[in-house]
Amino acid sequence: MSFSTMLLFSAAFVLLFVFTESTVDSIAAPQRRSSSRHAPPVASKNDYYQLNLLGGVLGPESLAFDCNGKGPYAGVSDGRILRWRRSTQSWVEFAVTSPHRNRKLCDGTTEKEKESICGRPLGLKFHPKSCELYIADAYFGLLKVGSDGGVATQLANSAEGVPLKFTNDLDINSDTGVVYFTDSSTYYERRNYNQIIDMGDKSGRLLKYDPATKKVTVLHRGLAFPNGIALSKNNSYLLLAESTNFQILKFSLSKHHHKSAPQIFASIDKFADNIRRTKNGEFWVALNGQRNPEVVSEVPVGIKFDEHGRIIKTVNGDDSNTLEWVSQVEEHNGRLWFGSQVRPYVGTMKYS
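Below you will find a few notes about this structure. Since we're looking at a predicted model, the values are computed, not measured.

## Details of the overall build of the protein
When its secondary structure is counted, the protein shows three helices and 29 strands. With 352 residues in all, the protein has 57% of them scored as buried. When contacts within the protein are restricted to residue pairs at least 6 apart in sequence, long-range pairs at least 24 apart make up 54% of them. For the protein, the computed accessible surface area is about 14700 Å², with 48% contributed by carbon and sulfur atoms.

Next comes the structure, spelled out in structure tokens:
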């Protein structure tokens, strides 16, 4: 989802990043705010570089890698999903989310007013067994497309009679194929996201799609800007970023507790965006927003939590604003990959 429209630049930088390790006690209590500034930093230069997008598009909100490790794939401002082709070091079109998309009108656009026509793919996730790409499009709902790409098939555009107004992010149970996803508001579309915050809207929903029955079920209502989502390694619970309330919620998915109230997994001091689980079962939470130029080197853009809500790593930027508005931190093959809803590039750096 978008937080600002701003002048953009795509020059490459070599950045100084700061990693912080911590074994501090859990921050699951709601009154606490996570912070990396109290732990001793370890600074090191990493080979950061950027994959600049094509055709003037912006906003690689979500990133994904396919079953063969290829990618990243990224949904961008003109409604397309692009794939990075390593052999040619260039972006190529992979999929679109509407069969009625007008290329002349849409290709290259960054105008929010065209999103409802062109589509705006946000959350992306490959099914680990079928290798199909599942897509949360802000306007067209939940979709999927085969491993060869093309026009995505719509799976759901409403839940229990209420239209999906702002489909945001998703994750997939690797055993059952059930898809869990968020609808950030039942009143405001993505292009009017500020209204969700300004009006204190709490109409957001957590939902699930069962591919066996093709039915969408509302698991939880009354959420304040539900955003990123990630299942645990054993699929027994999921984490959800409730952005307006600056917290990460934990929902049990066990048969005995699936209707119980969520617990607060972590409280944070910035807007949480996408959540992505690592192979080891830890979680990267992207912290989205503009950074104060006076303290920019101390402000994390991503926090890594263990399964108990303890901070184990943070990633910061240097004194530039290259990593402002970070929407996703993805750990893949020894690198971190950074998505953004407004930048014209995907950032990446070594990580160990």
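Still more to cover.
## Side note on the environment of serine 340
With respect to the helices and strands, the residue serine 340 is situated in strand E28 (residues 335–340). The buried category is assigned to serine 340, whose relative accessible area is 3%. Taking C-alpha positions, serine 340 is 7.5 Å from serine 62, a pair spaced 278 residues apart along the chain. If we ignore the near neighbours within four places in the chain, the residues touching serine 340 are Gly59, Pro60, Glu61, Glu324, Trp325 and Ser327.

## Things to note about the side chain of glutamate 189
Structurally, glutamate 189 can be placed in the loop between strand E16 (179–183) and helix H3 (193–198). For glutamate 189, a relative accessible area of 18% translates into the label buried. Among the polar contacts listed, one links the side chain of glutamate 189 to the side chain of arginine 191, at a separation of 2.8 Å. Excluding residues within four positions of it along the chain, glutamate 189 makes contact with Tyr139, Lys165 and Phe166.

## Observations regarding the state of the cysteines
Under the criterion given, the structure shown has two disulfides. Between the sulfur atoms of cysteine 106 and its disulfide partner cysteine 118 the distance amounts to 2.0 Å. Taking the torsion about the S-S bond as the criterion, the cysteine 106 to cysteine 118 disulfide, at about -85°, is left-handed. Placement of cysteine 106 in helix H1 (residues 103–106) and of cysteine 118 in helix H2 (residues 115–118) is noted, with a sequence separation of twelve residues between them. Under the relative-accessibility criterion, cysteine 106 is labelled buried at 0%.

## A look at the pairing of strand E24 (residues 283–288)
Burial of E24 is extensive: six of the six residues sit out of reach of the surface. Counting the residues in the hairpin turn of strand E23 (residues 271–277) and E24 gives five residues, including glycine 281, whose phi is positive at 90°. With four bridges joining them, E24 and strand E25 (residues 300–305) adopt antiparallel strand pairing. Following the sheet pairing, phenylalanine 283 is matched in E25 by phenylalanine 305.

## Description of the sheet that holds E28
Pairing is antiparallel in the open sheet, where four strands are placed in the order E3-E29-E28-E27. Edge positions in the sheet fall to strand E3 (49–52) and strand E27 (326–332), since each of these pairs with one other strand and no more. Between one strand axis and the next, the sheet turns through 25° on average, direction left out of account. When E28 meets strand E29 (residues 345–350), the two strands line up antiparallel, connected through four bridges. Bridge pairing links phenylalanine 338 to glycine 347 in E29.

## As for the sheet that holds strand E20 (residues 237–242)
Strands belonging to one sheet form pairs held by backbone hydrogen bonds; the direction of such a pair is parallel or antiparallel. One open sheet holds the four strands; their spatial order is E19-E20-E21-E22, and the pairing between them is antiparallel. Across the chains shown, the open sheet's two edge strands, defined by having one partner strand only, are strand E19 (226–231) and strand E22 (263–267). Across the sheet, the mean angle from the axis of one strand to that of its neighbour is 25°, orientation sign disregarded. Bridge count between E19 and E20: four bridges; the pairing is antiparallel. Looking at E20, one finds that alanine 230 is bridged to leucine 239.

## Some words on the nonpolar core
Side chains that are nonpolar tend, in soluble globular proteins, to be buried together. Grouped together as the largest cluster of nonpolar side chains are 20 residues, with contacts concentrated most on Ile81, Phe94, Leu124, Leu133, Ile135, Val145 and Phe166. Of all the secondary structure elements, the ones that give two or more residues to this core are strand E7 (90–96), strand E8 (121–126), strand E9 (133–137), strand E10 (141–145) and H3. Top contributing element to this core by residue count: E8, with three residues. Not counting residues up to four positions away in its chain, the partners in contact with isoleucine 135 are Ile81, Thr97, Pro121, Gly123, Leu124, Gly141, Leu142, Leu143, Val145, Ala152 and Leu170. Ile275, Leu287, Ile303 and Ile311 belong to the second largest nonpolar core, which has 16 residues in total.

## Focus: the environment of threonine 167
Relative to the helices and strands, threonine 167 is located in strand E15 (residues 167–172). The spatial distance from the C-alpha of threonine 167 to the C-alpha of leucine 142 is 7.2 Å, given a sequence separation of 25 residues. Not counting residues within four places of it along the chain, the set of residues in contact with threonine 167 comprises Leu122, Ala136, Asp137, Ala138, Gly141, Leu142, Phe181, Thr182 and Asp183. Among the polar contacts made by the side chain of threonine 167, one reaches the main-chain carbonyl oxygen of aspartate 137 at a distance of 3.4 Å.

## A closer look at the pattern of salt bridges
Inspection of every chain in the model, using the stated rule, returns 19 salt bridges. Between aspartate 78 and arginine 80 there is a salt bridge, with the nearest N and O atoms lying 2.8 Å from each other. There is no split in this pair, since aspartate 78 and arginine 80 are both buried. Between glutamate 282 and lysine 304 there is a salt bridge, and its shortest N-O distance comes to 3.1 Å. In this pair, glutamate 282 is assigned in the loop between E23 and E24 and lysine 304 in strand E25, connecting sequence segments 22 residues apart. When sorted by exposure, glutamate 282 lands in the same class as lysine 304, which is buried. One connected set of salt bridges, linked through shared partners, spans Asp78, Arg80, Glu93, Arg101, Arg103 and Asp107.

Rules used in this analysis
- Residues numbered from 1 in each chain as written.
- Predicted model: local features only at pLDDT ≥ 70, side-chain atom pairs only at ≥ 80, totals over all residues.
- Heavy atoms only, no water.
- Helix = DSSP H or I, 4+ residues; strand = E, 2+ residues; numbered from the N terminus.
- Buried < 20%, exposed > 50% of the residue type's maximum accessible area, 1.4 Å probe, protein only.
- Contact = heavy atoms within 4.5 Å.
- Areas by Shrake-Rupley, 256 points an atom, 1.4 Å probe, with all protein chains shown as cover.
- Polar contact = N/O pair within 3.5 Å; in protein donor to acceptor, adjacent residues only side chain to side chain.
- Disulfide = S-S within 2.5 Å.
- Pairing = 2+ DSSP bridges.
- Axes fitted to C-alpha atoms, helices over the stretch in contact; angles between N-to-C directions.
- Core = buried A, V, L, I, M, F, W, Y, C linked by side-chain atoms within 4.5 Å.
- Salt bridge = Lys/Arg side-chain N within 4 Å of Asp/Glu carboxyl O.

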